[in-house]
Amino acid sequence: MKAELIDRMSAEQIERAHAAYTTIACIYEDVCNGPMNARQYKEYFAIMDSREALRKRFNQLLLESDGKQ
């Protein structure tokens, strides 16, 4: 997922996207019998990278909202 898109998302949208990427990662891991075997697919790395970017942006939004209170 492109960073520009993530930056435009609300916290709720980020949570939904993160859950979706987590579900897809779990499917890869189930089908491949674990995360180590899922790593043979470059798409798996893209999923994990997107999930991490979403997590970081969500944490950033949380920090920003704490500063406004």
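Note: the structure precedes this text.
Residues numbered from 1 in each chain as written. Predicted model: local features only at pLDDT ≥ 70, side-chain atom pairs only at ≥ 80, totals over all residues. Heavy atoms only, no water.

Describing helix α2 (residues 11–31)
Step number 1: With 21 residues, α2 should cover 30 Å at 1.5 Å per step; its first-to-last C-alpha distance of 30 Å lies within 8% of that length.
Step number 2: Among the residues of α2, Ile 14, Ala 17, Tyr 21, Ala 25 and Glu 29 are the ones counted as buried. For α2, the angular spread of buried residues about the axis comes to 115°, placing them on one side. Seen from the buried face of α2, the exposed residues on the opposite side, beyond 90 degrees, are Glu 12, Arg 16, Asp 30 and Val 31.
Step number 3: The first or second residue beyond α2 is Asn 33, which carries a positive phi of 65°. (Helix = DSSP H or I, 4+ residues; strand = E, 2+ residues; numbered from the N terminus. Expected span 1.5 Å × (residues − 1). Buried < 20%, exposed > 50% of the residue type's maximum accessible area, 1.4 Å probe, protein only. Arc of directions from axis to C-beta.)

A few points about the packing of aromatic side chains
The description of two aromatic rings rests on the distance between their centres and on the angle between their planes.
Step number 1: Scanning the entire structure with this criterion turns up three aromatic pairs.
Step number 2: Relative to Tyr 44, the ring of Tyr 28 lies with its centre 6.1 Å away and its plane at 45°, an arrangement referred to as tilted. Linking Tyr 28 in helix α2 with Tyr 44 in helix α4 (residues 42–67), this pair joins segments that are 16 residues apart in sequence.
Step number 3: Using a relative accessible area of 24% as the deciding quantity, one classes Tyr 28 as partly exposed.
Step number 4: Tyr 44 sits in the buried class, given a relative accessible area of 4%.
Step number 5: Between the aromatic rings of Tyr 44 and Phe 45, the centroid separation amounts to 6.4 Å while the plane-to-plane angle is 75°, which identifies the pairing as edge-to-face.
Step number 6: Among the aromatic side chains, those forming a connected cluster through ring pairs are Tyr 28, Tyr 41, Tyr 44 and Phe 45. (Phe/Tyr/Trp six-rings, centres within 6.5 Å; stacked < 30°, edge-to-face > 60°.)

What to know about unusual backbone geometry
Step number 1: Of note in the backbone geometry, Asn 33 takes a positive phi value of approximately 65° without being a glycine.
Step number 2: Its place among the elements puts Asn 33 in the loop between α2 and α3 (35–38).
Step number 3: Residue classification places Asn 33 among the exposed residues on the basis of a relative accessible area of 66%.

Concerning the side chain of Ser 50
Step number 1: By secondary structure assignment, the location of Ser 50 is in helix α4.
Step number 2: By relative accessible area, Ser 50 is classed as buried at 6%.
Step number 3: A polar contact is formed between the side chain of Ser 50 and the backbone nitrogen of Met 1, at a distance of 2.7 Å. (Polar contact = N/O pair within 3.5 Å; in protein donor to acceptor, adjacent residues only side chain to side chain.)

Things to note about the nonpolar core
Step number 1: In terms of nonpolar packing, the biggest core is built from twelve residues, these being Ile 6, Met 9, Ile 14, Ala 17, Tyr 21, Ala 25, Cys 32, Ala 38, Tyr 44, Ile 47, Leu 54 and Leu 61.
Step number 2: Of all elements in the fold, only α2 and α4 reach the threshold of two or more residues within this core.
Step number 3: Apart from the residues within four sequence positions on either side, Leu 61 is in contact with Met 9, Ser 10, Ala 11 and Ile 14. (Core = buried A, V, L, I, M, F, W, Y, C linked by side-chain atoms within 4.5 Å. Contact = heavy atoms within 4.5 Å.)

Note that every value here comes from positions in space, so none of it alone points to a role or purpose.
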